[in-house]
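Residue-level structural notes
One letter stands for each residue in the lines below.
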Amino acid sequence: MGRTLVKTLSISILVIILMTLPLLIACSDDDEKTENAPEELPDIHVGMSALVTGPYGAYAPITWGYLDYMKDLNERGGIDGAQIEVHWKDCQYDVAQSIAAYADYSKSYDLVAFTGMGTGANLALAERCAEDGIVLAAIGGEPELIWPAQEWVFASSPNHAIGALGAMQYAMEQWDEGRVARVGIAYPNNPFGQSIIGPIEEYASELGYEVVEKQEFELTALDAVSQSLAFRDDEVDIVYVQGTAKSVAVLCKDMDRQGFIPKMVIGPLHVIHPAFPELAAGTGEGVIGWNPFYLWPQDMDNESVQYWRDKALEYSSGDIVSEEDPYMSMLYMWGLSVGVLLEAGLREAAAEVGAANITAEALRNALENVTNFKTGNSGFQPGIGFSPSNHEAYSATSLMQVQDGVWVRINNMFESPWKFAE
Amino acid sequence: MDTFLQLVVTGLAVGATYGLIALGFVLIYKASGVLNLAQGELMMFGAYICFVFSVQANIPFYAAVALTLPVALLIGAVIERFFLRYMIGQPLISVIMMTIGLMILMRGIATWIWGTEPKVYPQVFPQESMSIGSVNISYEYLWAAGLSIFFVLIYIIFFRFTKSGLVMRATSDDEHAALSIGISIKKVLSQSWAIAALTAAVGGIIIGALVGLDTTSFPQYGLKVLPVVLLGGLDSIPGAIIGGILIGLTENLVPEYLGFLGGGMEELAPYILVLIVLIVRPHGLFGLKRIERI
Amino acid sequence: MRLPCGIINKSYSQDTAIVRTNLQWLLLVLALITLFTFPYWASPHWISVMIGVWISIIGVMGLTLLTGYAGQLSLGHMAFVAIGAYTVAILMSDLNWPFWAALPCAGMISGCIGVIFGLPSLRIKGFYLVIATLAAQFIIVHIISRWDSLTGGVFGLSVPKVTLGGFEFKSDFSYYFLAMIFALIAILIAKNLSRSRIGRSWIAIRDNDIAAEIMGVDPFKYKLLAFFFGCFFAGIAGGLWAPYLRYLTPEQFTLMGSVWYLGYMVIGGMGSIMGPIAGVIFITILDEFTAEMVTDLATGSPVFAGFVQASRYIVFGLAIILFLIFEPRGIAHRWERIKNSYRLWPFSY
């Protein structure tokens, strides 16, 4: 029985330690934060509910891009000497965790801007940010977030509608059959998928095509035979697939097997993945993806792309850039674009009220005065600017195409036909 | 009519792969009475280990598959020895929770080792398709279906005619009775997990060859077949196969012919079907009806 | 409950009282003081974490009644939380109902739909019932994400704030009290339900439903009651989530959420009221710890970059597995054993 007691007690102690350890560590972290020595200029605080782990972990490079931009900005001397402190926490694309992180940072620090990850989280944060008067620097994605422009929400890169319509415009320029092009859309049933249907249908007559078929198409589907048959039966000329590299590859393969080769297959920026041509096993040839950035390895002649590739190598230990893996920097650039937005706003605000007095209000007003902001480091995207009625950083996109099994740039940035309602 | 035939043929072929996945659930349940929710993760491990051999170590694909199988057996045995062994005699929900814990841990390990970027096998199956009349069927699906059917036959023979198979069935039926006639439960459990892991690895490799690998979407294939496993009955091998084929068919036919009910019905149809069947036949279509005593 | 020497039951009401000794009264009062003053001394971070804890406790308490007491395994509890959340959101924004009227409605609707999905439980058991509840998870979330006109579809809908008189529960500080009071009421109701006739019938059905039927317990009635109460609590939890999150999308109510509810319960200890509380608190603290760890690892040394992405999975998976191996009956059971060995020391036999 004595042994039982010893065992009981030892396991009890283990359990108690297990339970209290996180608490102790969490507490000790709080102490560290207060130890920061005061500097001459007050720090500018920004927050982020990041996405690093969890089921959407593949989007982690967005977070790394954002953090690297801030690190680099601070190394370049910050905003007129004021350093930017980023408070971030991994929220796994989860709305409740994002809100908890926001509540924490907005109460604990004098935040000027916050960045959320995921549509649900951003929509939930938009309302809170408006109430507390904090800029929501969103990563471009769903048009619902910035159209119509909300007072406190600014998007750092073009949304899906801009990209989709840019690609459609290009497709119609290439169209020479002398009849109205028939367009089929494949989309997953989530905000990402549904956000493009409305805009593509709305611009049909303006750009000169008609939408004849809409098919739901899961991102994890094993086959796409029924979608392929539907497109084939409706004699679709152009297929717009809102999907990931994997799902677009599945669709391409199945259309090929059914002997149905549409004139053009267009996908969103998620398709532009180095593994896509291989995933599609030869059937991905000619697939077009829109993207609003210049990337490596295609655009290494662009100085800022070169710059960020080196920085990523320096900061991220080969996870973002590795010599043997042909990593494509789409998501990383997406994260950088949020950094550009913040730098633009903060520099403008510093010019207006001085770096020491930047508040969220000042940042918001300054952002609306930003026009064509572009530095050497932000050359991976066009100049950005906002107005009271337009909170989208820019509305240009460029296109890439699979040629001989690799992604090749087929044009430079051009303005998308998408127009904001005034 | 052409469309219908095409969809049926595709549904059958994809369904056979689902059947193979379902078989993994049935194998473990038959031997140990455990519903293994980590089946999708076992598939993922098998698929990624094959990726390591075939792409990273540059071994020809079929040799890589042959090398993967013993590793998968080992993984299954290790999981049983270090995790499930402690669950003997524990209530149902603890066992389910253990498989959920395994599921999360295995996802973590896979993410750690292989990252979140999609990976691709070298071209495994020929991309061309074969035409029979108006129906196109690709060699990929034919291979997948063929392999699945091959494994099913082997398992049916194993459980019906070999001693180990019979011992496993006895253990699943009543652990205590099996113990009392001198069966080593530990050995049986270890074997069953090893075999289930092997099945899962084959399923994973087939799916990897069809759509490529990534650490985030694999688990969903495991959960997708769960309703049909129950439809056939948790302890029925033919049930698993028929269930798998059924889900392949619904996925292909429902959007085409029941599309008017609203999109996404193909995800719901298996659940609605299984609910109705379970109310009429509580142990599934082919499951063993147990007589309960106090 | 085992009592120290010298405590004698003199009347029935004394025998059934929850709090018996002076020490227990003292601890209860201290605990309540700590809880009520918590927002005054805790950091904003922990206040928002605690709101989540209180709301989860209500939901997991429902699952404990359903699974821990009545033995009806449910893998679709998050769907019932979703029903509660959407009911409150729709009643408050579309029909302008006050929160206080919408919340009971959320519980009732959730409970009634729970009973519908509980109907197969009469005939199916064990793993087969898991599928019936899994079906609830998929069917309900599917309907929510497709019924655009009512629920806003995949883009979701925003939820008004809770008001009482002229006061708005706008800050985390005030919402903490709202969530805590509902959670304490829920704990009290659950505790009393579990020791009433209903609770004892549930336990009888859980242990052996045929034996229970022979003893005169109507399994159908009590199983459905278990589904009703379990889902009622889930609905209330959802109803409290909605105005706190201010925005609902179907993505928030995932299967993994349901799995986590089971995890809270198993780690805390099934079949006890202390269990879910301990489980929710433990896992939430662990969650916060791993999130901090991700930040530290990623900003500290980039060597771990590959590990960072996997870290939360690994810590969680290991926590569940180690608990099941070393303490399969949960924290609550461990707590009881610590109390007992402390009480009996040094003569434990």
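All values derive from a computational prediction rather than experimental measurement.

Turning to the confidence of the model for chain C, a few remarks are in order. In the predicted model, chain C carries a mean pLDDT of 86, and 96% of its residues have values of at least 70. Of all helices and strands in chain C, the one with the weakest mean pLDDT is helix α1 (residues 12-16) of chain C (79), whereas helix α4 (residues 77-94) of chain C scores best (93).

Right, let's talk about the interface of chain B and chain C for a bit. The partner chain C presents 48 residues to the 51 residues of chain B that form the contact. A combined buried area of about 4300 Å² lies between chain B and chain C, and 81% of that area is made up of carbon and sulfur atoms. Area buried by chain B at its contact with chain C is led by Ile-93, Met-97 and Tyr-271 of chain B, which between them contribute 15% of it. Seen at the junction of chain B and chain C, the total is zero residue pairs in polar contact (both at pLDDT 80 or more). Within the residue set of the side of chain B that touches chain C, elements represented by two or more residues are α4 (92-114), α9 (218-232) and α11 (265-280) of chain B. The leading source of residues in the side of chain B that touches chain C is α4 of chain B, at 17 residues. Looking at the side of chain B that touches chain C residue by residue, the classes come out as 36 nonpolar, 12 polar and three charged.

A word on the sheet that holds strand β3 (residues 111-115) of chain A. Residues and elements named next belong to chain A. Taken in spatial order, the five strands line up as β2-β1-β3-β4-β5 in an open sheet, and their pairing is parallel. Here the strands that pair on one side only, and so sit at the sheet edges, are β2 (84-90) and β5 (153-155). In this sheet, adjacent strand axes meet at a mean angle of 25° when their direction is disregarded. Summarising the sheet, β3 and strand β4 (residues 135-138) pair through two bridges and their orientation is parallel. Among the inter-strand pairings, Phe-114 is bridged to a residue of β4, identified as Leu-136.

Here we take up unusual backbone geometry. All names here are of chain A. Cis geometry marks the peptide bond from Trp-296 to Pro-297; its omega dihedral reads 0°. With respect to the helices and strands, Pro-297 occurs in the loop between β10 (288-291) and α12 (303-316). Positioned with a positive phi, Asp-404 is a non-glycine residue whose angle comes to about 55°. Position of Asp-404 among the secondary structure elements: in the loop between β11 (396-403) and β12 (406-409).

What follows is about the packing of helix α3 (residues 44-69) of chain C against helix α11 (residues 219-245) of chain C. All names here are of chain C. Remark: α3 packs on α11, axes separated minimally by 6 Å, with the N-to-C direction vectors making an angle of 165°. As the angle between them shows, α3 and α11 are arranged roughly antiparallel. As for the relative orientation of α3 and α11, their crossing is left-handed in sense. Of α11, the residues touching α3 (which contributes Ser-48, Ile-51, Gly-52, Ile-55, Ile-58, Gly-59, Met-61, Gly-62, Leu-65 and Leu-66) are Ala-226, Phe-227, Phe-229, Gly-230, Phe-233, Ala-234, Ile-236, Ala-237, Leu-240, Trp-241 and Tyr-244. Partitioned by chemical class, the residues of the contact of α3 with α11 number 16 nonpolar, five polar and no charged.

We now examine the pattern of salt bridges. All names here are of chain A. For the structure shown, the criterion picks out 28 salt bridges over all chains. Of the charged contacts, one joins Asp-254 and Arg-257 as a salt bridge, the two residues approaching to 2.6 Å between their closest N and O atoms. Taken together, the residues span about one helical turn, with Asp-254 and Arg-257 both in helix α10 (residues 245-257) at a distance of three residues. Relative accessible area serves as the criterion here: at 0%, Asp-254 is assigned to the buried category. According to the relative accessible area criterion, Arg-257 is buried, its value standing at 5%. Overlapping salt bridges, with partners in common, bring together Asp-72, Glu-75, Arg-76, Lys-311, Glu-343 and Arg-347 in one network.

Conventions we followed
Residues numbered from 1 in each chain as written. Chains lettered and ligands numbered in written order. Predicted model: local features only at pLDDT ≥ 70, side-chain atom pairs only at ≥ 80, totals over all residues. Heavy atoms only, no water. pLDDT = per-residue confidence, 0-100. Helix = DSSP H or I, 4+ residues; strand = E, 2+ residues; numbered from the N terminus. Contact = heavy atoms within 4.5 Å. Buried area = accessible area lost by both parts, 1.4 Å probe. Polar contact = N/O pair within 3.5 Å; in protein donor to acceptor, adjacent residues only side chain to side chain. Nonpolar A, V, L, I, M, F, W, Y, C, P; charged D, E, K, R; others polar. Pairing = 2+ DSSP bridges. Axes fitted to C-alpha atoms, helices over the stretch in contact; angles between N-to-C directions. Parallel < 35°, antiparallel > 145°, perpendicular 65-115°, else oblique. Left-handed = near helix turned anticlockwise from the far one by under 90°. Salt bridge = Lys/Arg side-chain N within 4 Å of Asp/Glu carboxyl O. Buried < 20%, exposed > 50% of the residue type's maximum accessible area, 1.4 Å probe, protein only.

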